[in-house]
Amino acid sequence: MKCRFVRYSPWLVHFNTGACNGCDIEVLAAITPLYDPERFGVKLAPSIRHGDVLVVTGALTKKSAERLKRLYDQMPSPKFVVAVGACAIDGGVFQKSYSVLRGADKVVPVDIYVPGCPPRPEAILDAIVKLREKLAQPQSSENRQ
């Protein structure tokens, strides 16, 4: 039942794992009035407990993986994850480092990937819109917890 509300107004929670901040700047640019994300109902959540979509940026290290898992567990169900940038998808230029886990999907289930280094704000908003379209399909709403 709650998936219906997420479909209309997804609230984002942004988690930076600590890379170069290029993707963070683009995520913040995507939620400015220039791109007007509120026409899709997209806005930043005031707390992790109010968020519907977790936006992960940066190379996931072993230490940040623990925090990411804890944040994911604190989100109410249904919850969705968007990996933004090459570092969040597979480690990017840091993937050969001993402390990098090579992607957010190693820790939490990722629903949408936004490739790029860094991706454009339009691509980030397009991923959120595609997530909304994915939620509009009845089979995807039933499978998520």
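Residues numbered from 1 in each chain as written. Predicted model: local features only at pLDDT ≥ 70, side-chain atom pairs only at ≥ 80, totals over all residues. Heavy atoms only, no water.

Novice: Go over the overall build of the chain, please, and point to the residues and values.
Specialist: A tally of regular secondary structure across the chain gives six helices and five strands. Element order for the chain, N to C, with α for helix and β for strand: α-β-α-β-β-α-β-α-β-α-α. Put simply, the chain has 145 residues, and 44% of those count as buried. Of the contacts made within the chain by residues no fewer than 6 positions apart, 80% connect residues no fewer than 24 positions apart. Accessible surface, the chain as shown: approximately 7,700 Å² in total, 55% of it carbon and sulfur. (Helix = DSSP H or I, 4+ residues; strand = E, 2+ residues; numbered from the N terminus. Buried < 20%, exposed > 50% of the residue type's maximum accessible area, 1.4 Å probe, protein only. Contact = heavy atoms within 4.5 Å. Areas by Shrake-Rupley, 256 points an atom, 1.4 Å probe, with all protein chains shown as cover.)

Novice: So what's going on with the pattern of salt bridges? Residues and values would help.
Specialist: According to the stated counting rule, one finds four salt bridges in the structure shown. We note a salt bridge from arginine 120 to glutamate 122, for which the minimum N-O separation is 3.4 Å. Put simply, aspartate 126 and lysine 130 hold a salt bridge, and the shortest N to O gap is 3.4 Å. Within this pair, aspartate 126 and its partner lysine 130 are both found in helix α5 (residues 121–136), separated by four residues, close to a single helical turn. For aspartate 126, a relative accessible area of 36% puts it in the partly exposed group. (Salt bridge = Lys/Arg side-chain N within 4 Å of Asp/Glu carboxyl O.)

Novice: Hey, could you go over the pairing of strand β1 (residues 11–16) for me, with residue numbers and the actual values?
Specialist: Relative to strand β2 (residues 43–44), β1 is paired through two bridges, and the arrangement is parallel. Looking at β2, one finds that tryptophan 11 is bridged to lysine 43. Regarding topology, helix α2 (residues 22–30) serves as the crossover connection from β1 to the parallel β2, and that connection is right-handed. Examined bridge by bridge, β1 and strand β3 (residues 53–57) share five bridges and lie parallel to one another. Bridge pairing in β3 places asparagine 16 opposite threonine 57. (Pairing = 2+ DSSP bridges. Right-handed = clockwise from strand over helix to strand, strands pointing away.)

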